[in-house]
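# Chain and residue survey
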Amino acid sequence: DAGITQSPRHKVTETGTPVTLRCHQTENHRYMYWYRQDPGHGLRLIHYSYGVKDTDKGEVSDGYSVSRSKTEDFLLTLESATSSQTSVYFCAISDPGSGSSGNTIYFGEGSWLTVV
Amino acid sequence: QKEVEQNSGPLSVPEGAIASLNCTYSDRGSQSFFWYRQYSGKSPELIMSIYSNGDKEDGRFTAQLNKASQYVSLLIRDSQPSDSATYLCAAFKAAGNKLTFGGGTRVLVKP
């Protein structure tokens, strides 16, 4: 158990409404990530954070924003949800790797979002 | 071309046989590689990682890496019905401490 909690776990929302997903971790990990997973596309990185108030874009960041005001919380916001954002969203955490070995990324349980 | 590519499957394997999963990557800057298992409706869980050329064994799993050929594989020995899942290959780059995932290979182990 990597101590990651995502909320809400399931949500149905209407097109054009704002939506915020929350990721909470209890073990003081430096890196936090938001991925989305869709059939045929696998897991794709939306945004990630490498410290409080330090964030950067991933490969599919359009339409999403993030914030990290505390080490333990990483929020993903869809400012105006669209049907193309219907997906499963996974939060993940890790710490800086040592040398070339990298460091393991652990995933939360996922948030299922449906935009109608 | 995707950075990490996998055959989507399904790979059908008789119980007790060896399942062989393949993964290729395009970025030679990738430093290490991870295999995750994902059951339907669940989150990915780590099986093992590898960053040196050659084989690495962990229980019934063996990961193989060939950086010259940009190729990673996972062998599952003595496959069990509980191994039926989607297996995700991922490449790690130190910049951003990020993993890039392939689309996954679905494995079906038939009793």
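Structure report, in brief. (Residues numbered from 1 in each chain as written. Chains lettered and ligands numbered in written order. Predicted model: local features only at pLDDT ≥ 70, side-chain atom pairs only at ≥ 80, totals over all residues. Heavy atoms only, no water.)

Bringing the pairing of strand β6 (residues 54-58) of chain B into the picture now. Residues and elements named next belong to chain B. Two elements, β6 and strand β7 (residues 61-66), share 5 bridges in a ladder whose sense is antiparallel. Within β7, the residue paired with Gly54 across the bridge is Leu65. Counting the residues in the hairpin turn of β6 and β7 gives 2 residues, including Gly59, whose phi is positive at 65°. (Pairing = 2+ DSSP bridges. Helix = DSSP H or I, 4+ residues; strand = E, 2+ residues; numbered from the N terminus.)

In the segment running from A:Ser7 into A:Pro8, the intervening peptide bond is cis, with an omega of -10°. Tracing the chain through its elements places A:Pro8 in the loop between β1 (4-7) and β2 (10-13). The peptide bond linking B:Gly9 to B:Pro10 adopts the cis configuration, its omega dihedral lying at 10°. Position of B:Pro10 relative to the elements: it lies in the loop between β1 (4-6) and β2 (11-14). Here the phi dihedral of A:Asn28 falls at roughly 60°; this positive angle occurs in a residue that is not glycine. Locating A:Asn28 in the fold gives a position in the loop between β3 (19-25) and β4 (31-38). A positive phi angle, close to 55°, is found at B:Gln70, a residue other than glycine. Here B:Gln70 is to be found in the loop between β7 and β8 (71-76).

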